[in-house]
Each structure stands twice: as structure tokens, then as C-alpha cells.
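Take a look at the letters that make up each chain.
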Amino acid sequence: MTSSYEDLRESTRAEGGLQVVTMGTLRDIEGAGRLGNRVLATISGKLKAHGIGHFPAELPGNQDHEVRVYLRDSPVADLVDAVFRPSSKGDETLRRVGRSTVAEDRLRRIREILD
């Protein structure tokens, strides 16, 4: 059971740096009653403070919606940044991943999660 941002960080690490959680889970971690705009901003800020990124970038306000959380200091973050924040560095990251069979398996797993 994930009951804190630290627990979420550790469980995300155990999942290879990326996992799917519901907004209800994030709401419960925050100890909030409703997912209003202020609570969503607070959750996003606290995730960032704990080194956790999320997408979609704008957190949904429905407790049943799933979001992807990932560790900002992980290889997954490099891939997420390469896709969502295009740059020449990101292009090289994608090329490097494209040449790696191990990375190919990881990308396939990420695609499955994203779909």
C-alpha cells in the first residue's frame, strides 16, 4: 500500500522507474478530500519535490483516471523528456535506444503501459 510520496518513489523504483497509479491514490497520499485545482497543483508540486515526474502533464481531476509516474533521475525520464520535450539531446537518446536490443524490450514495455 502506497501511503506517502516516499513510498510512491520506492514502489516506482521497484517497477523500473515507471508505474501507473490512479488519481485516487495520489489524492489519498496527499490526504485530500477532493481533487480540485489547488489539490492537483499541490500533488504535482510534491511529486516534483520527491523527484517524481508525471504524465499527462496536467493531472486529471477524476479519482479513477490513471496517470503515469516516473523517477526524474531514471533512464525512463530521459525517454519521456526525449518524446515530450524534443531536443537534439533527446534525439540522440532516442537513436541510442533504437540501436539497443535491451532498450527495445524496455521501450516495448513502456509502450504497453502507455497504451
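Predicted model only: the values in this text are computed from it and were never measured.

## Comments concerning the nonpolar core
Phase 1 of the analysis: Counting residues in hydrophobic clusters, the biggest one holds 17 residues, and the most contacted among them are Leu8, Met23, Leu26, Ile43, Leu47 and Val67.
Phase 2 of the analysis: For this core, the elements supplying multiple residues, two or more each, are α1 (5-14), α2 (23-30), α3 (37-49) and β3 (66-71).
Phase 3 of the analysis: Here this core gets 4 residues from one element, more than from any other, and that element is α3.

## Some points on the confidence of the model for the chain
Phase 1 of the analysis: A residue-level look at the chain finds 95% of positions with pLDDT of 70 or above and a mean pLDDT of 90.
Phase 2 of the analysis: Predicted confidence in the chain is weakest over helix α6 (residues 101-114), with a mean pLDDT of 74, and strongest over α3, with 98.

## Structural notes on the packing of helix α4 (residues 75-84) against helix α5 (residues 88-98)
Phase 1 of the analysis: Direction vectors running N to C along α4 and α5 enclose 120°, while the axes themselves pass 8 Å from each other. Viewed along their axes, α4 and α5 adopt a mutual orientation that is oblique. In the crossing of α4 with α5, the sense of the turn from one axis to the other is left-handed. Residue-level inspection shows Asp78, Leu79, Ala82 and Val83 of α4 in contact with α5, the latter providing Gly90, Thr93, Leu94 and Val97.
Phase 2 of the analysis: Grouping the constituent residues of the contact of α4 with α5 by class yields 5 nonpolar, 2 polar and 1 charged.

## What to know about α3
Spacing of three or four residues puts side chains on the same side of an α-helix, whose turn is 3.6 residues.
Phase 1 of the analysis: The terminal C-alpha atoms of α3, which comprises 13 residues, lie 18 Å apart, in line with the 18 Å expected from a rise of 1.5 Å per residue.
Phase 2 of the analysis: All of the buried residues along α3 are Val39, Leu40, Ile43 and Leu47. Projected down its long axis, α3 carries its buried residues within an arc of 100°, all on one side. Exposed side of α3, more than 90 degrees from the buried face: Asn37, Arg38, Ala41, Lys48 and Ala49 are the residues found there.
Phase 3 of the analysis: Directly beyond the C-terminal end of α3, a positive phi value near 75° is found at Gly51.

Rules of the game
Residues numbered from 1 in each chain as written. Predicted model: local features only at pLDDT ≥ 70, side-chain atom pairs only at ≥ 80, totals over all residues. Heavy atoms only, no water. Core = buried A, V, L, I, M, F, W, Y, C linked by side-chain atoms within 4.5 Å. Buried < 20%, exposed > 50% of the residue type's maximum accessible area, 1.4 Å probe, protein only. Helix = DSSP H or I, 4+ residues; strand = E, 2+ residues; numbered from the N terminus. pLDDT = per-residue confidence, 0-100. Axes fitted to C-alpha atoms, helices over the stretch in contact; angles between N-to-C directions. Parallel < 35°, antiparallel > 145°, perpendicular 65-115°, else oblique. Left-handed = near helix turned anticlockwise from the far one by under 90°. Contact = heavy atoms within 4.5 Å. Nonpolar A, V, L, I, M, F, W, Y, C, P; charged D, E, K, R; others polar. Expected span 1.5 Å × (residues − 1). Arc of directions from axis to C-beta.

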